[in-house]
Amino acid sequence: MNALHIESLHYGVDGQPILRGIDLSLAPGEFAALIGPNGAGKTTLLHCIAGVVSPDSGYIRIGGADLQSEPLQAKRGLGLSIDPSRLPPVLSVRECLKLFADARGLPAIPPSTLALCEALALTPVLDRWLGQCSLGTRQKVGIALGLLGEPSLLVLDEPLNGLDPPSAYALKEHLRHLCGEHGTTVLLATHSLDIAERFINRAMLMVDGRLHRDWSRQQLDAIRAHPDRSLEREMVEAMA
Ligand SMILES: Nc1ncnc2c1ncn2[C@@H]1O[C@H](COP(=O)(O)OP(=O)(O)OP(=O)(O)O)[C@@H](O)[C@H]1O
């Protein structure tokens with residue numbers, strides 16, 4: 001069964017089409033990047049998958065459950081990184097993690113989340129108010145919240161933005177471990193092609209609300225192995 005299956009997805013605002021017929025399937029354990037120019041529709045697609053906005057037509061199935069007709073079952077397996085601007089400023093990092101653990105039905109902040117916090121250098125700020133944390137720190141908290149409870153499908157919007165290099169490295173290694181060892185599926189939207197191309201095993205180029213090009217694991221391996229090729233260059237050529 002696919003971790004994510006999308007068919008003929010359309011979405012628009014005020015009569016303006018934003019997503020123009022998306023078909024996409026991700027298998028368990030796939031580590032996929034959604035790339036593309038500004039305004040292509042990447043965030044909108046992630047918001048449709050997370051149920052933040054409802055598509056005008058089409059289907060989204062998460063782990064076999066239809067997002068529209070079985071939303072609770074579909075969202076049970078989904079983790080979404082939280083935008084740092086939406087974190088409550090008057091809660092401490094620990095209180096916020098605890099709140100999300102409660103919402104997932106967990107008795108406490110799971111050890112795996114505390115281990116991720118340690119890897120992301122969040123441990124020293126666990127008792128600091130979110131309103132007093134830097135943007136990069138809140139970005140890390142938003143990621144830790146999305147990963148809490150080890151959901152089987154992770155949807156991350158620009159997770160590497162604002163992360164210092166050691167934290168970005170720790171996050172990539174953590175995600176790679178989740179995909180490889182736990183069969184977690186990751187879909188992340190990113191502009192950090194130079195970083196992403198080294199660890200993803202699938203890349204999809206979105207242009208003007210459509211998936212324009214898809215690179216498989218084998219094609220990415222060939223790009224990595226060639227001294228003159230890069231995903232950045234492939235993307236520019238695909239858009240020419
Ligand atoms: N609520 C909204 N109302 C009107 N237009 C919107 C709304 N949300 C998104 N759009 C438009 O939809 C298009 C796609 O936006 P989206 O944020 O999904 O793109 P993106 O690929 O994530 O871009 P970026 O790389 O810049 O983050 C843009 O033209 C944007 O202006």
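Located above this text is the structure these notes cover.
A brief structural summary. Being a predicted model, the structure only gives us computed values, none of them experimental.

Note that Gln73 resides in helix α2 (residues 71-76). The exposure class assigned to Gln73 is partly exposed, which follows from its relative accessible area of 46%. Residues Gln73 and Arg224, 151 residues apart in the sequence, show an inter-C-alpha distance of 38 Å.

If you trace the four strands from one edge of the open sheet to the other, you get β2-β1-β4-β5, paired in antiparallel fashion. Each having just a single partner strand, β2 (16-26) and β5 (65-66) make up the two edges of the open sheet. Relative to strand β4 (residues 57-62), strand β1 (residues 4-13) runs antiparallel, the two being bridged by five bridges. Residue pairing for β4: Ile6 is matched across the bridge by Ile60. Sitting on the sheet, helix α1 (residues 42-49) touches β1, β2 and β4, and the angle it makes with β1 is about 120°.

In the case of a regular strand, side chains alternate between the two sheet surfaces. Both β1 and β2 contribute to a ladder of eight bridges, which runs antiparallel. In the strand pairing of β2, Tyr11 is matched with Leu19. With antiparallel pairing between neighbouring strands as the criterion, β1 and β2 make up a hairpin whose turn holds two residues, including Asp14 at a positive phi of roughly 50°.

This part takes up the site of the ligand. All residues adjacent to the ligand are Val13, Ile18, Pro37, Asn38, Gly39, Ala40, Gly41, Lys42, Thr43, Thr44 and His191. Take Ala40: an N or O atom from its main chain is 3.1 Å from an oxygen atom of the ligand. The side chain of Lys42 places a nitrogen or oxygen atom 2.8 Å from an oxygen atom of the ligand. Taken by itself the ligand offers 640 Å² of open surface, and the protein chains cover 52% of this. The element contributing the most residues to the shell around the ligand is α1, with three residues. Of the residues belonging to the shell around the ligand, the class tally is four nonpolar, six polar and one charged.

The next point concerns the pairing of strand β8 (residues 185-189). With five of its five residues buried, β8 lies for the most part within the structure. Of the two faces of β8, both are covered, the one formed by Thr185, Leu187 and Ala189 as well as the one formed by Val186 and Leu188. As paired strands, strand β3 (residues 31-35) and β8 are joined by four bridges and run parallel to one another. Among the inter-strand pairings, Leu34 is bridged to a residue of β8, identified as Ala189. Pairing of strand β7 (residues 153-157) with β8 involves five bridges; the strand directions are parallel.

With that out of the way, let us pick up the pattern of salt bridges. Across all of its chains, the model carries ten salt bridges by this definition. When the shortest N-O distance is used, the salt bridge between Arg20 and Asp208 registers 3.5 Å. On the criterion of sequence distance, the pair formed by Arg20 in strand β2 and Asp208 in the loop between β9 (202-207) and β10 (210-215) is long-range, its members being 188 residues apart. The exposure class assigned to Asp208 is partly exposed, which follows from its relative accessible area of 45%. Of the charged contacts in the structure, one is a salt bridge between Arg176 and Glu173, with a shortest N-O distance of 2.5 Å.

Thresholds applied
- Residues numbered from 1 in each chain as written.
- Predicted model: local features only at pLDDT ≥ 70, side-chain atom pairs only at ≥ 80, totals over all residues.
- Heavy atoms only, no water.
- Helix = DSSP H or I, 4+ residues; strand = E, 2+ residues; numbered from the N terminus.
- Buried < 20%, exposed > 50% of the residue type's maximum accessible area, 1.4 Å probe, protein only.
- Pairing = 2+ DSSP bridges.
- Contact = heavy atoms within 4.5 Å.
- Axes fitted to C-alpha atoms, helices over the stretch in contact; angles between N-to-C directions.
- Near = heavy atom within 4 Å.
- Polar contact = N/O pair within 3.5 Å; in protein donor to acceptor, adjacent residues only side chain to side chain.
- Areas by Shrake-Rupley, 256 points an atom, 1.4 Å probe, with all protein chains shown as cover.
- Nonpolar A, V, L, I, M, F, W, Y, C, P; charged D, E, K, R; others polar.
- Salt bridge = Lys/Arg side-chain N within 4 Å of Asp/Glu carboxyl O.

Remember that the coordinates give geometry; whether it matters functionally is a separate question.
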